[in-house]
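Notes for the structure review
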Amino acid sequence: MIKGPRGPIQPTLFSANPMFAKTGFVKPFVVIFIGLISTISATYYWFGGGSDENVVDNQLLFEAFRGEFVSTIMETGQVESSSNVEIRCEVKSRGTAGTAILKIAPEGDFVKKGDFLVQFDDSNLKDRYIEQQIQVAQNEAALIQAENDLSAAKKMVDEYDQGTKKQELAAVKAEIAVASENLERAREYLKFSQKLSAKNFISRSELQADEFSVRKADSELKLAEQKLDVLIKLTEPRTKEQLQAEVKKLTASLKAARFTLLLSQEREKELAEQVAKCRIVAPKDGQVVYANENDRDNSIVIEEGTVIRDGQEVIFLPDPSKMQVRTKVNDSKINLVKPGNPVEIRLDSAPDTAIQGVVREAAAFPMPQRWYQAPIEYEVFVDVTEKNPLVKSGLRSKARIIVDKQQNVLQIPASALVRKAEGYYALVAENNRYVARSVTIGANNDKFVIIQSGLAEGDKVLINPEKQKEKINFPDS
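1. Remarks on the sheet that holds strand β3 (residues 84–88)
One open sheet accounts for 3 strands, arranged β3-β13-β9; its pairing is antiparallel. Both edges of this open sheet fall to β3 and β9 (289–290), since each of them pairs with a single strand only. Bridge count between β3 and strand β13 (residues 313–318): 5 bridges; the pairing is antiparallel. Among the inter-strand pairings, Val85 is bridged to a residue of β13, identified as Leu317.

Pasting the structure below:
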């Protein structure tokens, strides 16, 4: 028989009778009694009485008891600070795997604000920074040249408007004036020559020469007038357009040179910042904790030589006065976890010491699944409410979350229940037989279940009822 909280459940006949316990008559009587019982049992069996196996015979019984009921969820977790400064790598990868750590402050060291933490490899960045400085200088020279070219082009426009165009116009007009004067003189000479020719004072050839001079002077005048017309209608507009187009082109070139210089300077500034970000100092006082990752899919060990990607956590500076345990709870139990649930924390490094905590938050959404058909889990954050020097960031722990606690409630083992379509039953030992009783159950903790009705304290129930289920007449629902 199993002993319940109230003592032995089913004492034997002989141990309960003081007469047999105190006399030497016990052994002979036991032998005679056993033989008699064996004969009666055999006779009962052979004459058909042995078919009823619904009798209490060396079965495991448990006595229903009243007491404290506690339901818990046990999960592993990581100790960390709830107020944690994350030191991340801000050096851009630029198509590479990341940036290697050259030097790092020892883990566990306490640092002050401004103290050294991490030095990343900046050799390549420094080379690129020097090259960019040279490029900036070249772009500055190109900008100065573009400004000079534009200034010269604008001056050429002014020079043409205020000088060259007027000079060309005046020169053509002077040609017209000379040609007009020459034509007038040639015509006077011709008139005089015609009078002399009429009086036979000059020869015919001399008269023809004067006539040719008139025609030549007239042609020269017309040519000068056409030259003025072309100058005004074609040459001047074309020259002006060419000069203005050159100004526009050089203006665009100047704009491009300025933009190129601006981009080059921004790139130079960015590289300077990247070089500066290769050295990280502490933004506040704290203890150095490496951001190592150890799980089934990914393992990252922070140490000198480790290649760190852009944005990856490198160091934590936790606030030791605000510690927490971050754990994961399966979706089948997450609805039991509520803010305010008390938690018993045991560190893997000190498993014999219980540290008190309380659930602060249970995530509203599950964590991303890392592989196909992975269990669905929710993050749960537990505040460590007890000050203890053993609690340090990075330690592994076990969190025992108390999700239900009731006092003075009737309980039996969960394995003592039989599930039927109409409800739950317990097999109770009555008059050396098992009787099925319908019970109403409450909460359970995987070991014991609360009985709300159907049993009384002290009732003895079978804890392996499945073996007797087919032999029991259950009441109709």
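2. What to know about a positive patch on the surface
Residues Arg187, Lys191, Lys195 and Lys199 make up a contiguous surface patch of positive charge. In this fold, Lys199 is placed in the loop between α4 (123–198) and α5 (204–277).

3. Thoughts on the pairing of strand β20 (residues 423–430)
Sheet analysis places strand β19 (residues 417–420) next to β20, joined by 4 bridges and oriented antiparallel. Looking at the pairing, Arg419 lines up with Tyr424 of β20. In this structure, the hairpin formed by β19 and β20 is closed by a connection of 2 residues. Where β20 meets strand β21 (residues 433–444), 7 bridges bridge the pair, whose relative direction is antiparallel. Bridging across to β21, Val428 finds its partner in Val435. The loop that links β20 with its antiparallel partner β21 comprises 2 residues; one of these, Asn431, has a positive phi angle of about 55°.

4. As for the sheet that holds strand β4 (residues 99–104)
Reading across the sheet, the 4 strands line up as β7-β6-β4-β12 and stay open at both edges, with antiparallel pairing between neighbours. For this open sheet the edge positions go to β7 (279–281) and β12 (307–308), each flanked by a neighbour on one side alone. With 3 bridges joining them, β4 and strand β6 (residues 116–120) adopt antiparallel strand pairing. Residue pairing across strands places Lys103 opposite Gln119, the latter belonging to β6.

5. Re α4
Look at α4: 107 Å from first C-alpha to last across 76 residues, which is about the 112 Å you get at 1.5 Å a residue. Tyr160 marks the point of greatest bend in α4, at about 50°. Phi for Asn200, located one or two positions after α4, is positive at around 60°.

6. Here we look at the side chain of Glu75
The topology assignment puts Glu75 in strand β2 (residues 65–81). The buried charged residue Glu75 lacks any salt bridge, with Lys333 as its nearest oppositely charged partner at 5.4 Å. Each residue touching Glu75, except ones within four places of it in the same chain, is listed here: Thr327, Lys328, Val329, Asn330, Ser397, Lys398 and Ala399.

Rules and cut-offs
Residues numbered from 1 in each chain as written. Predicted model: local features only at pLDDT ≥ 70, side-chain atom pairs only at ≥ 80, totals over all residues. Heavy atoms only, no water. Pairing = 2+ DSSP bridges. Helix = DSSP H or I, 4+ residues; strand = E, 2+ residues; numbered from the N terminus. Patch = residues over 30% accessible without salt bridge, like charges linked within 9 Å, V, L, I, M, F, W, Y side chains within 5 Å. Areas by Shrake-Rupley, 256 points an atom, 1.4 Å probe, with all protein chains shown as cover. Salt bridge = Lys/Arg side-chain N within 4 Å of Asp/Glu carboxyl O. Lys, Arg positive; Asp, Glu negative; His and termini not counted. Charge placed at Lys NZ, Arg CZ, Asp CG, Glu CD. Expected span 1.5 Å × (residues − 1). Bend = angle between axes of the 7 residues up to and from the residue. Buried < 20%, exposed > 50% of the residue type's maximum accessible area, 1.4 Å probe, protein only. Contact = heavy atoms within 4.5 Å.

These figures capture arrangement, not role.
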